[in-house]
Amino acid sequence: MPSVPDLHRPAGPRTTPFGTQLAELIWVRSLTGTDHPFVEHIRTGRSVTFGALRRATSRWALLLEDLGVGLGDTVGIAVSDPVDFAMVFLGTMAAGRVAAPLDPSAPDAELEIVCGRVRPAVVLSDRPVPGGTGFDWVVLRPGSFELPDPDPSTAPALPPALGASAGSGWVAAARPGAGGLVLSTSGTTGAPKLIRLDERQLLHTAGSIAGHHHLSVADRGFSPLPLFHINGEVVGLLAALVAGSTLVLDDKFHRTRFWELMAAHRITWVNAVPAIIARLAPLRDGETVPADVRFVRSASAPLSAVTLQRFEDATGLPVIETYGMTEAGSQITANPLHGPRKPGSVGMPVGVDLRVVGDRVQIRGPGVITAYAGHGYEDRVDPDGWLDTGDLGHLDDDGYLFLVGRADDVINRGGEKILPREVEDVILADPDVRAVVVVGWDHQVLGRVPVAFLVAEGVAGDGDRQRAEAIVGRLQDRCASDLSRPKRPVAFHVVERLPAGTNGKIRRSQVGQDAAIYSLLVS
């Protein structure tokens, strides 16, 4: 394991990548808002200004050079503190290296597998070295990731790429686009994919998000989403950087005192997923929604029209439903902030070309990959650059996209094609259903049949079986009324929770592995 260089020695003549687009943006933000907070931790109160961010990124360039990490090399990042993560993530990419965010809470074996896919030159972390790892692992103590420069006068007032002289010994040497991001997808809908995005693709998408949501220096966003996923990185960190605004972070979502904390930190928008929106929908006794909050953004998983309506009725806040994927640097479509928002629709394309061929959604554009970084999936991008997303949907006459499901999730029941989302929306209409997923199970005669797994309000154990039975009885009646016979679930299973990833997506392959509190076989 390499040793950590001296972080506080004077900076002599070095090769520092001020030629990267991200580095230039950070410098501009440090000049126009030196003392303006960039990221804050909602619980610890720790804050990093744009000026401190500029100094930190300069020091990260030196550290990576001392570690022998070359331009374009990959740096694994397994950091749990969100402010620390922001510093090393941005510092790595601004230094012309490729960031590979890793789940810091993952078991050692899982980290080893993911590192085997992304092949980092070094891993920077605030957790102990995994046992038996075959990768260089540098452990830095929590809170040290800002790497403050003890003598800021050693750096120029402007990076050479913006017109300053290099007389102080700093040399602009990074090739444009050398910095970027590589992610190994979770594989919730198939085998994991390796996706690489360069800084220009990432900043294009971040700029589209900031513009579409009208983000400005006056905004203070809140994001409790994991920063090792594309949403937290681009919709959160990079969009805030582009806009010159502040992003308030948390380690994870906490329902307790949520609206109180939004008021205390003067939050103007919230970056959320459907699971969070569903938990916030019923206001608790004494809760009020702060007047400063302009909207709540929903992404990462389908949001049912029922959940959206419940939330908006309870809070009075608009939900901006969006659609995105890692391959596009996050956002693909979004409902307008000012204009018609269509429940059930993920909105219109933003900064990307989109078409529907047959029923399959395809995209291309400046923020979209043209090929996967690893082997496999070569057929997903055609010669004209159109990426097949694997999602099914249609465009209405106004250009709004309506998604109906994933191609991989379609249930073929004796030749009848069933879209799980259509069945799920009917079940979610029951006010006592908190969450549901419909999956296909093997059937000896019909091939596959729909089975529903749901979380019900007030059902948490064997003592609640009578309540569960009543809820499932209502659902049977509702499905019989609203769905044709082939689409009706052949079984209902009430469970304590549904298996989900850290980004809120249900892991369909794991559904049904836990024992159900209550089950009913219909046929």
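Scroll up to find the structure.
Conventions we followed
Residues numbered from 1 in each chain as written. Predicted model: local features only at pLDDT ≥ 70, side-chain atom pairs only at ≥ 80, totals over all residues. Heavy atoms only, no water. Helix = DSSP H or I, 4+ residues; strand = E, 2+ residues; numbered from the N terminus. Buried < 20%, exposed > 50% of the residue type's maximum accessible area, 1.4 Å probe, protein only. Areas by Shrake-Rupley, 256 points an atom, 1.4 Å probe, with all protein chains shown as cover. Contact = heavy atoms within 4.5 Å. Polar contact = N/O pair within 3.5 Å; in protein donor to acceptor, adjacent residues only side chain to side chain. Expected span 1.5 Å × (residues − 1). Salt bridge = Lys/Arg side-chain N within 4 Å of Asp/Glu carboxyl O. Core = buried A, V, L, I, M, F, W, Y, C linked by side-chain atoms within 4.5 Å. Pairing = 2+ DSSP bridges. Phe/Tyr/Trp six-rings, centres within 6.5 Å; stacked < 30°, edge-to-face > 60°. Lys NZ or Arg CZ within 6 Å of the ring centre and 35° of its normal. Axes fitted to C-alpha atoms, helices over the stretch in contact; angles between N-to-C directions. Parallel < 35°, antiparallel > 145°, perpendicular 65-115°, else oblique. Nonpolar A, V, L, I, M, F, W, Y, C, P; charged D, E, K, R; others polar.

Q: Run through the overall build of the protein chain, naming residues and quoting values.
A: Looking only at helices and strands, the protein chain features 11 helices and 27 strands. Out of the 523 residues in the protein chain, the part that is buried amounts to 56%. Accessible surface, the protein chain as shown: approximately 21,000 Å² in total, 50% of it carbon and sulfur.

Q: Let's hear about the environment of R421: which residues, and what values?
A: With respect to the secondary-structure elements, R421 resides in helix α10 (residues 420–428). Spatially, the C-alpha atom of R421 lies 9.4 Å from that of D409, the residues being 12 residues apart in sequence. Apart from residues lying up to four places away in sequence, R421 is in contact with P302, L303, E321, G344, L403 and V404. A polar side-chain atom of R421 sits 3.1 Å from the main-chain carbonyl oxygen of L303. Among the polar contacts made by the side chain of R421, one reaches the main-chain carbonyl oxygen of L403 at a distance of 3.4 Å.

Q: Before we move on, can you summarise helix α5 (residues 199–212) with the specific residues and values?
A: Taking 1.5 Å of rise per residue, 14 residues should cover 20 Å, and α5 covers 20 Å from first to last C-alpha, within 8% of that figure. For α5, the buried fraction is high: 10 of the 14 residues fall into the buried class. Three or more residues of α5 are buried, namely E199, Q201, L202, L203, T205, A206, S208, I209, A210 and H212. Considering only its buried residues, α5 is in contact with α1 (21–32), α3 (82–94), β9 (180–184), β10 (194–198), α6 (230–243) and β16 (330–334). Between the side-chain oxygen at the start of α5 and the backbone nitrogen of R200 there is a gap of 3.0 Å, and the oxygen is on D198.

Q: Tell me what's going on with unusual backbone geometry, and back it up with residues and numbers.
A: A positive phi angle is found at R266, which is not glycine, with a value near 55°. The residue R266 is located in the loop between α7 (258–264) and β13 (269–272) in this model. You can call R266 partly exposed: its relative accessible area is 48%.

Q: Help me get a handle on the pattern of salt bridges, residues and values and all.
A: All chains considered together, the criterion is met by 23 salt bridges. Between D108 and R127 there is a salt bridge, and its shortest N-O distance comes to 2.6 Å. Of this pair, D108 sits in helix α4 (residues 108–118) while R127 sits in the loop between β6 (122–125) and β7 (137–139), and the two are 19 residues apart along the sequence. The exposure class assigned to D108 is partly exposed, which follows from its relative accessible area of 32%. Among the residues examined, R127 registers a relative accessible area of 15% and is labelled buried.

Q: Summarise the nonpolar core; cite the residues concerned and give the values.
A: V39 and L238 are the most contacted members of the largest nonpolar core, which has 78 residues in total. With residues up to four places along the chain from it excluded, the contact list for V39 reads R46, S47, V48, V83, A86, M87, L237, L247 and L249. Judged by nonpolar contacts, the second largest core, of 24 residues, contains F253, I277, A281 and L317.

Q: Outline the pairing of strand β24 (residues 433–443), listing residues and values.
A: As defined by bridge partners, β24 adjoins strand β25 (residues 447–456) across 10 bridges and the pair is classed as antiparallel. Bridge pairing links V437 to F453 in β25. What sits between β24 and β25 in their antiparallel hairpin is a turn of three residues.

Q: Describe the sheet that holds β16, and please don't skip the residues or the numbers.
A: The strand order across the open sheet formed by nine strands is β3-β2-β12-β11-β13-β14-β15-β16-β17, and the pairing between neighbours is mixed. Here the strands that pair on one side only, and so sit at the sheet edges, are β3 (47–49) and β17 (348–349). Taken together, the two bridges between β16 and β17 define a ladder with antiparallel strand orientation. Bridge pairing in β17 places T333 opposite P349.

Q: Describe helix α2 (residues 50–66), listing the residues and the values that go with them.
A: Its 17 residues place the ends of α2 25 Å apart at the C-alpha level, agreeing with the 24 Å of an ideal helix rising 1.5 Å per residue. Positive backbone phi, approximately 80°, marks G68, located one or two places after α2.

Q: Tell me what's going on with the packing of aromatic side chains, and back it up with residues and numbers.
A: Within this structure, the stated rule accounts for eight aromatic pairs. Taking the centre distance of 5.6 Å and the plane angle of 55° together, the rings of W441 and F453 count as tilted. With W441 in strand β24 and F453 in strand β25, this residue pair connects regions lying 12 residues apart in the sequence. Residue classification places W441 among the partly exposed residues on the basis of a relative accessible area of 36%. The class of F453 is buried, set by a relative accessible area of 3%. Grouped by ring-pair contacts, the aromatic residues F222, F253, F258 and W259 constitute a single cluster. Over the face of the ring belonging to Y377 we find K193, whose NZ or CZ atom lies 4.9 Å from the ring centre.

Q: Any chance you could break down the packing of α3 against α6 for me, citing the residues and the numbers?
A: Between α3 and α6, whose axes approach to 12 Å, the crossing angle comes to 85°. Classed by the angle they form, the pair α3 and α6 counts as roughly perpendicular. Residues F85, A86, F89, L90 and M93 of α3 form the contact with α6, whose own contacting residues are E233, L237 and L238. Looking at the contact of α3 with α6 residue by residue, the class counts come to seven nonpolar, no polar and one charged.

Q: Please give an account of the sheet that holds strand β19 (residues 360–364) that cites residues and values.
A: Each strand in a sheet pairs with its neighbour through backbone hydrogen bonds, running either in the same direction (parallel) or in the opposite one (antiparallel). Strand order in the open sheet formed by four strands is β18-β19-β20-β21, with antiparallel pairing between adjacent strands. Each edge of the open sheet is held by one strand with a lone partner, namely β18 (353–357) and β21 (401–406). Across the sheet, the mean angle separating the axes of adjacent strands is 45° when strand polarity is ignored.

Q: Pulling in residues and values, what's your account of the side chain of S304?
A: Relative to the elements of secondary structure, S304 occurs in the loop between β14 (295–298) and α9 (305–315). A polar side-chain atom of S304 sits 2.8 Å from a polar atom in the side chain of T307. Dropping the residues within four chain positions of it, S304 is found in contact with D425 and L428.

Q: Go over the environment of L197, please, and point to the residues and values.
A: By the element assignment, L197 lies in strand β10. Expressed as a C-alpha distance, the spacing of L197 and A373, which sit 176 residues apart in the sequence, is 9.3 Å. If we ignore the near neighbours within four places in the chain, the residues touching L197 are G180, L181, L202, I230, T326, E327, G329, G367 and I369.

Q: Break down the environment of V182 for me, with residues and values.
A: Its location among the elements puts V182 in strand β9. A relative accessible area of 6% means that V182 is categorised as buried. Each C-alpha atom, one on V182 and one on V118, is 7.1 Å from the other, the two residues being 64 residues apart in sequence. V182 has contacts with T74, V98, A99, A100, P101, V118, L194, I195 and R196, leaving out every residue within four places of it along the chain.

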